[in-house]
Amino acid sequence: GQSYFDKPVDENHRRATQLLNATMSYARLILRQYGELGPFGYAIDREGEVARETVDRPRLPRDAERLWKILGEHMTEQVRRGRVKAIAMAVNVTLAEPSAEGFADAVVVEIEQESGSAMDITVPYKVYGGHLKNLIPRRVAVGKPVMEERECRIF
């Protein structure tokens, strides 16, 4: 798989890299299949396993804003119960201005860890193809990620 960071420097960096790689692999898969992306999340449990977090609800709302809120509540509950060491929540956004590559869309990945480390990583992308009833398969080009450190909101 593609790594979005240089060599990990410490445990926080290693976990952030694991979460970002898992999140972006899933995002690329869904974008290739459907051409669009709803909010989703990943977590690292006590054993160090990275897994996608799914919300136990028979009927999830269609709109991204309500889904994001439900995902946030789910993640907060996982943290409160002490089940996870680190979480990543991802959401699709339209950039206020195009990325350096000229891409208008991005996946924003919010990563938080129980150590207190928190960051938002914006990964610009563009979907090509998917035309003529998908005779031309979709492919996803990913631009250079932009990272911003911030305060934890969930841990």
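Bear in mind the structure is a predicted one, so any value in this text is a computation, not a measurement. (Residues numbered from 1 in each chain as written. Predicted model: local features only at pLDDT ≥ 70, side-chain atom pairs only at ≥ 80, totals over all residues. Heavy atoms only, no water.)

Observations regarding the pattern of salt bridges
Phase 1: In the structure shown here, the tally under the stated rule is 11 salt bridges.
Phase 2: The network of salt bridges with shared partners includes Glu110, Glu112, Asp120, Arg150 and Arg153. (Salt bridge = Lys/Arg side-chain N within 4 Å of Asp/Glu carboxyl O.)

What to know about the environment of Ala90
Phase 1: Locating Ala90 in the fold gives a position in strand β3 (residues 84-94).
Phase 2: What makes Ala90 buried here is its relative accessible area of 1%.
Phase 3: Through-space distance from the C-alpha of Ala90 to that of Thr122 is 9.6 Å; in sequence the pair is 32 residues apart.
Phase 4: Apart from the residues within four sequence positions on either side, Ala90 is in contact with Thr23, Gly38, Pro39, Phe40, Trp68, Val107, Val108 and Val109. (Helix = DSSP H or I, 4+ residues; strand = E, 2+ residues; numbered from the N terminus. Buried < 20%, exposed > 50% of the residue type's maximum accessible area, 1.4 Å probe, protein only. Contact = heavy atoms within 4.5 Å.)

What about the pairing of strand β1 (residues 40-45)?
The two faces of a sheet get side chains in turn, since along a regular strand they alternate between them.
Phase 1: Among the 6 residues of β1, 5 are classified as buried, and the element is accordingly described as predominantly covered.
Phase 2: In this structure, β1 lies alongside β3, joined through 6 bridges in antiparallel fashion. The residue of β3 that forms the bridge with Gly41 is Met89. (Pairing = 2+ DSSP bridges.)

Any functional reading would require information that these geometric values do not contain.
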